[in-house]
Structure formats: structure tokens, C-alpha cells
Amino acid sequence: MSTTDITIVGAGPIGLATAIFARQAGLTTRVLDGGPADGDKACGEGLMPGTAPLMAQLGIDPPGHPLEGVVYAQGTKRVEHRFPGAPGKGVRRTQLREALLKKATDSGVSITREKYVSLEQDEQSVIVTTDSGETHTSRYVIGCDGLHSSVAADLGVVKPVPRSAKRYGLRQHFATPPWSSLIEVYYSKDAEVYITPVSVDTVGVAVLGRKGVNLEHAVAGIPDLAARLAGAAPASTLRGAGPFPHKARTQRTGRVLLVGDSGGYVDAITGEGLRVGFAQARAAIDSLKSDSPWRYPRAWKKVTREFRVLTQGLVALASSPLRGSIVPLAHAVPSLFGVIVNRLAR
């Protein structure tokens, strides 16, 4: 048995960022890493400009490709908006995690290859049991174990989602020089396809849609995009994610907090997951360094409010008979499209 201030379940980007913020606050921290060794998963990999200040606070600057704006396209309609200030960055998740892992280790975070099994808590502490049979006692636990969070499930806070509302994602990289420095979002009949440049010779392709969505078929249904990717060799394995959304009744139960996707996830449609997750991580540590865990749910609502409202609105449109009107409307009123992009970029 060992004791720390905080045990973090999950060693993805959000879990590691939470650990770094915790060490910066002077809190002893352990991370339980029970996921894939490379830490990879399906995600869009676009970091909006608003992520830059948080990356600076974390002390990392992973390699990537500048992102200067966003394009929406459907058929012959196309509308683009460039970020008014500094660009964002397309970063391979594996490289982002590698930078965070090094920073966390250098900061004195203890990271162990153990998988979370269960927890018990009282008024003073939380005991986590892992698959190795070890128990870890800490004053607080933070669940950063993603969309299918075992911590959230054990707390009994996961809300059921109707089957009709569930969406799924796929992601694969292709070896081809990016043809622009913009995030491109293509709307087809049944899916959204996202193109994110992540290096000088690689683009990431992500697809969102209903169960059974197929990346190859989705790309083939968009002639301009299919021509761009024709002959490009895969540069990674195909990864899947979902279903989402994931809803939690609360982001805190006693001494256990939920940060990142584990505390609630709407959809990947806006690409804001990492920025919002990093902001949640900072808010969680701010509440714990003053031994005020009850402050976190309110802070969580504050840092996610705009993201949730915009994303829920876009997902509702994308799942309705008005789906085909999204790009034409953005094309007809580019100023409104620009306002939305600028809001998300922050």
C-alpha cells in the first residue's frame, strides 16, 4: 500500500496533463496506465488556437503542422474562415502523449502500468485496487479513463443514451503532403469527414457517423477528397471510437472527480475535446489544491458550457432532416460561420 495526494486513472493526454498540473500545484501524484502501450486512439488531432496557452502552462510544444482555419464543404458549396490570431496545430496523438509523458515524468509523477479495477472511499481517502492486486491510497482520485470510464461506471453516474442518438468515429493517417493548412470538414449524406494536416507529409482522416460508418466508403463518396487521397499509402492502422455521446449525472462524487471524456462527452464534431479537457484538468487541480472538491462541478460547467451548447446544436442539425442545410447556410451567411469558428478557436 502507498499513499499520495492524488491517484489519476488513465494515462492519455488528459490524464497526463492533470498530473502535470497537480505537480505544479505541489501535490504528490500517481498515474495508473492500463491502456494501450502507445496511447493511441481514434481522434481528430487538431488543437485549436485556444489550446496554446494551456500547452504553455503544461510546458510542452510537440511537433505538428500549423492549422490556420476551418473549411466546411458539401457538394459544390464551400466556406472557409481563417483564425484571426495565432494558428492552431495538428499533432499526432502519439507525439502529444509522448511530450506529456516526458514532462510528467520529469515533474516527478509516478506512472505505473496497472489497470484500475475498483475503488472505495471514506471521508478522508480513496483506496484504488488494480489488476495486479495492489491497492493505492490517496486523498483524492481523478478518473481520466475516457469515453467508457470504469471510474464513472463504478460511481453510478453514467446516464443511458438512446440508441438513435449514438454516433461512432474512425481515424486513419495517410502519407501525402497536406494540400492546405486548414481543417477541412466534408459533409456527405451519412457522415462527416475531417481532414487534419499533422506533419509536412501526413494527413489524418477522421469520419463520424452512425453505427457501421466506413472510412473508405465515406471518402469515396466525396469525389474531390477521393482524388486528393488517391494512391496515398496508409500511415497508421485504422482506429475506431464510440459510441458517443457519454453523459454523467455529476463530475464529482465525494473525493472522486471525473476529467475529460469520463465526465461527459458530446461529440467530436467541433474538434474541441483536448482544449476543453485541458481546461477541466486545470479546474480540477485548482479545486483540490485548496481541498475544495465540491467546487469542481461548477467549474466544469463553466469551462465546458460554450462547447456543449455549440456541439449539441451542430449534432442536432447533423442528425436531423436539416442536415443538408448546414453547409449551404454557412456559405450563405459566412459571417455567422466565422463567429462560430472564432468561438471554438478560443
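Please refer to the structure placed before this passage.
Residues numbered from 1 in each chain as written. Predicted model: local features only at pLDDT ≥ 70, side-chain atom pairs only at ≥ 80, totals over all residues. Heavy atoms only, no water.

Draft legend 1. Here's a closer look at the sheet that holds strand β4 (residues 65–67). The strand order across the open sheet built from three strands is β3-β7-β4, with neighbouring strands paired in antiparallel fashion. In this open sheet, the two edge strands, each paired with only one partner strand, are β3 (46–47) and β4. One ladder, built from three bridges, connects β4 with strand β7 (residues 88–90); its direction is antiparallel. When the sheet's bridge partners are listed, Leu 67 is paired in β7 with Gly 88. (Pairing = 2+ DSSP bridges. Helix = DSSP H or I, 4+ residues; strand = E, 2+ residues; numbered from the N terminus.)

Draft legend 2. Representation of the environment of Ser 262 within the structure. For Ser 262, the location among the structural elements is in the loop between β21 (256–258) and α7 (273–289). Taking the relative accessible area as the measure of exposure, Ser 262 reaches 0% and is therefore buried. Those residues in contact with Ser 262 that lie beyond four places of it in its chain are Gly 143, Cys 144, Asp 145, Gly 146, Ser 149, Ala 152, His 246 and Ala 248. Side-chain polar atoms of Ser 262 contact the backbone oxygen of Gly 143, separated by 2.7 Å. A distance of 3.0 Å separates a polar side-chain atom of Ser 262 from the backbone oxygen of Val 259. (Buried < 20%, exposed > 50% of the residue type's maximum accessible area, 1.4 Å probe, protein only. Contact = heavy atoms within 4.5 Å. Polar contact = N/O pair within 3.5 Å; in protein donor to acceptor, adjacent residues only side chain to side chain.)

Draft legend 3. Geometry of the side chain of Thr 304. You can see Thr 304 is positioned in helix α8 (residues 296–318). Within the local environment of Thr 304, its side chain forms a polar contact with the backbone oxygen of Trp 300, the two atoms lying 2.8 Å apart. With residues up to four places along the chain from it excluded, the contact list for Thr 304 reads Val 276 and Gln 280.

Draft legend 4. Molecular detail of the packing of helix α1 (residues 13–24) against helix α3 (residues 93–106). The N-to-C vectors of α1 and α3 enclose an angle of 25 degrees; their axes lie 9 Å apart at closest approach. Classed by the angle they form, the pair α1 and α3 counts as roughly parallel. Note on packing geometry: the crossing formed by α1 with α3 is left-handed. Listed contacts from α3 to Pro 13, Leu 16, Ala 17 and Ile 20 of α1 are Arg 93, Leu 96, Arg 97, Leu 100, Leu 101, Lys 103 and Ala 104. (Axes fitted to C-alpha atoms, helices over the stretch in contact; angles between N-to-C directions. Parallel < 35°, antiparallel > 145°, perpendicular 65-115°, else oblique. Left-handed = near helix turned anticlockwise from the far one by under 90°.)

Draft legend 5. Region of the structure containing the pattern of salt bridges. Tallied over the full model, the rule gives 15 salt bridges. The partner of Lys 89 in a salt bridge is Asp 61, and the shortest N-O contact between them spans 2.7 Å. With a gap of 28 residues between them, Lys 89 in strand β7 and Asp 61 in the loop between α2 (52–58) and β4 connect regions that are remote in the sequence. Across the pair Lys 289 and Asp 286 runs a salt bridge whose closest N-O atoms are separated by 3.6 Å. One end of the pair is Lys 289 and the other is Asp 286, both in helix α7 and three residues apart, which spans about a single turn. Taken together, the shared-partner salt bridges in this structure form one network comprising Asp 40, Glu 45, Arg 92, Arg 171 and Arg 239. (Salt bridge = Lys/Arg side-chain N within 4 Å of Asp/Glu carboxyl O.)

Draft legend 6. Highlighting a positive patch on the surface. Taken together, the side chains of Arg 298, Lys 301, Lys 302 and Arg 305 present a region of like positive charge at the surface. With respect to the element layout, Arg 305 can be found in helix α8. The exposure class of Arg 305 is partly exposed, given its relative accessible area of 46%. (Patch = residues over 30% accessible without salt bridge, like charges linked within 9 Å, V, L, I, M, F, W, Y side chains within 5 Å. Areas by Shrake-Rupley, 256 points an atom, 1.4 Å probe, with all protein chains shown as cover. Lys, Arg positive; Asp, Glu negative; His and termini not counted. Charge placed at Lys NZ, Arg CZ, Asp CG, Glu CD.)

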